[in-house]
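Each chain, written out:
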Amino acid sequence: MNREWILRVTCPDATGIVHAVTGALASLGANITESQQFSSPDSQQFFLRLQFVTAVGPGTDAQSLEASLAEVARRFDMTVSLQPAEKKTKTLVLVSKAAHCLNTLLFQQSSGQLPIDIVGVAGNHDSLRSLAEFHGHDFHHIPITKETKDRAEAELSRLVDDLDVELIVLARYMQILSPDLCARLEGRVINIHHSFLPSFKGAKPYHQAHARGVKIIGATAHYVTPDLDEGPIIEQDVARVDHNRNIADFVQRGQDVEAAVLARAVRWHAEGRVLMDGHRTVVFN
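Structure report, in brief.

The rules we used
- Residues numbered from 1 in each chain as written.
- Predicted model: local features only at pLDDT ≥ 70, side-chain atom pairs only at ≥ 80, totals over all residues.
- Heavy atoms only, no water.
- Helix = DSSP H or I, 4+ residues; strand = E, 2+ residues; numbered from the N terminus.
- Rg over C-alpha atoms; globule rule 2.2 N^0.38 Å.
- Areas by Shrake-Rupley, 256 points an atom, 1.4 Å probe, with all protein chains shown as cover.
- Lys, Arg positive; Asp, Glu negative; His and termini not counted.
- Charge placed at Lys NZ, Arg CZ, Asp CG, Glu CD.
- Phe/Tyr/Trp six-rings, centres within 6.5 Å; stacked < 30°, edge-to-face > 60°.
- Buried < 20%, exposed > 50% of the residue type's maximum accessible area, 1.4 Å probe, protein only.
- Lys NZ or Arg CZ within 6 Å of the ring centre and 35° of its normal.
- Axes fitted to C-alpha atoms, helices over the stretch in contact; angles between N-to-C directions.
- Parallel < 35°, antiparallel > 145°, perpendicular 65-115°, else oblique.
- Left-handed = near helix turned anticlockwise from the far one by under 90°.
- Contact = heavy atoms within 4.5 Å.
- Pairing = 2+ DSSP bridges.
- Right-handed = clockwise from strand over helix to strand, strands pointing away.
- Core = buried A, V, L, I, M, F, W, Y, C linked by side-chain atoms within 4.5 Å.

1. Looking at the overall build of the protein
Of the regular secondary structure elements, the protein holds eight helices and 13 strands. Taking 285 residues into account, the globule formula puts the C-alpha radius of gyration at 19 Å, and the protein, at 21 Å, falls close to it. Seen through its C-alpha atoms, the protein measures out along the principal axes to roughly 60 × 40 × 35 Å. For the protein, the exposed surface amounts to about 14,100 Å²; the carbon and sulfur share of it is 50%. For the protein, the distance from the average position of its 28 positive side-chain charges to the average position of its 34 negative side-chain charges is 5 Å.

See below:
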C-alpha cells in the first residue's frame, strides 16, 4: 500500500539543492511523481515542489520523513512543508449576496474537483443560506454594521478557531477585513477582485467598464493583506467584450471569469502549488 506526499521547499538559491532533496527521498525508497522548480533572479530564492510516493510503513510517516529531510534543510537553510496529497484543506467561505462564486466552489468541492473541506459558509447577509444548506453546509449569519464591526470580527475569529479553519475564501464578500485580522490570517485568506487589477474600483465596476468601452474584462484572485486589493496575486484571467454587448452581458461574462479564477486559485493553494516570493507568488500550476 502506497501513500503520496507533497513537499514544498523555499531557500536561498545554491548549487545542489535538487540533488540533495531527491537523494534524501531516494534513500527512503520514495518515487517522485511530479517535480517543479524555480530560481528567482530577483530575490535569489529557490522554490521546489515535489510529489512523491512511499510505501506505507515504519519510517514513512510524516514525522519520519521530516526527520530524514532535516539535515538537508539545515544545510541549505530551507523552509520545508510536507503534507499528504489526499489532505483536504479546511475552508470557510465568506459571502454577501452574490451567489456565483459560492455556487462554483460548492459544486466543484462536492464533485471532487477542489481538494478542500468546506467546514462552513458565513455571510453578513442571510441571502445565501439556502444555497449553502442545499449542499449540506452550515451557514453562519454574522451581520455587520459600522457600529458592530468589532463584535462581528470577534465572532468571525471565534468561528475560525472553533472550526479549525486553514483557509478563508472571500467569495464576493463585500466587507473589508481589519488590518489586525488580515495580519493574524496572513497567507490564509484568498479574495476575488472584480477586475483585472489595477482597474475600475468601487461600486458597479462592469458599468464603469461598459461606459468606457473596454475590450476586455477580467478578475484577479489574490491573498488578502492590510493594503486593500494589493495582496500577492495568485491568478488572473480576462474575457473579450465589444460594443455589441450590453451591461447585463458584461456582468455575466465578468461573473463567469470571477468564479473560474477564484476556483483555480483555491485549488492551487490547497494543492500546495503557491509559494511566496516576497510580495509575489510562484505558482506551480
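2. A word on the packing of aromatic side chains
Enumeration over the complete set of coordinates arrives at one aromatic pair. Between Phe38 and Phe47 the ring centres are 6.4 Å apart and the planes differ by 20 degrees, which places this aromatic pair in the stacked class. By relative accessible area, which is 35% here, Phe38 ends up partly exposed. Its end group placed over the ring of Trp5, Arg3 keeps NZ or CZ at 4.9 Å from the ring centre.

3. Notes on the packing of helix H3 (residues 100-110) against helix H8 (residues 247-270)
At a minimum axis separation of 9 Å, H3 and H8 run at an interaxial angle of 45 degrees. For the element pair H3 / H8, the angle class is oblique. For the pair H3 and H8, the sense of crossing is right-handed. Facing His100, Cys101, Thr104, Leu105 and Gln108 of H3, the residues of H8 in contact are Gln255, Glu258, Ala259, Leu262, Ala263 and Val266.

4. Details of the pairing of strand E5 (residues 89-95)
Along E5, six of the seven residues are buried, which leaves the element largely enclosed by surrounding structure. Inspection of the sheet shows E5 paired to strand E6 (residues 116-123) by seven bridges, in the parallel sense. Across the sheet, Val93 pairs through a bridge with Val121, a residue of E6. Note on the crossover from E5 through H3 to E6: the handedness is right-handed. Bridge count for E5 against strand E8 (residues 167-170) is four bridges, and the pairing is parallel. Along E8, the bridge assignment pairs Val93 with Val169.

5. A closer look at the side chain of Glu153
For Glu153, the location among the structural elements is in helix H5 (residues 149-162). Residue class for Glu153 comes out buried when judged on its relative accessible area of 11%. With near-sequence residues (within four places) excluded, Glu153 lies in contact with Ile176, Leu177, Ser178 and Leu181.

6. Quick word on the sheet that holds E8
Taken in spatial order, the seven strands line up as E7-E6-E5-E8-E9-E10-E11 in an open sheet, and their pairing is mixed. Unpaired on one side and paired on the other, strand E7 (139-141) and strand E11 (233-240) mark the two borders of the sheet. Within the sheet, the average angular offset between the axes of one strand and its neighbour, ignoring direction, is 20 degrees. Each of E5, E6, E8, strand E9 (189-193), strand E10 (216-223) and E11 touches H8; the most contacted strand, E11, lies at about 155 degrees to it.

7. With respect to the environment of Asn191
The topology assignment puts Asn191 in strand E9. With 72 residues separating them along the chain, Asn191 and Val119 place their C-alpha atoms 18 Å apart. Not counting the four nearest positions on each side in its chain, Asn191 is found in contact with Leu170, Thr220, Ala221, His222, Val224, Asp229 and Leu262.

8. Things to note about the nonpolar core
One finds Val93, Val95, Leu102, Leu105, Val121, Leu262 and Val266 to be the most contacted residues of the largest nonpolar core, which totals 39 residues. Other than its neighbours up to four places away in sequence, Leu105 contacts Val93, Leu114, Ile118, Val169, Ala171, Leu262, Ala263 and Val266. In this structure, Ala20, Ala30, Leu50 and Leu69 belong to the second largest nonpolar core, which totals 21 residues.

9. Considering unusual backbone geometry
The phi dihedral of Gln44 is positive, around 60 degrees, even though this residue is not glycine. Mapped onto the fold, Gln44 is located in the loop between strand E2 (31-39) and strand E3 (45-55). We classify Gln44 as partly exposed; its relative accessible area is 47%.

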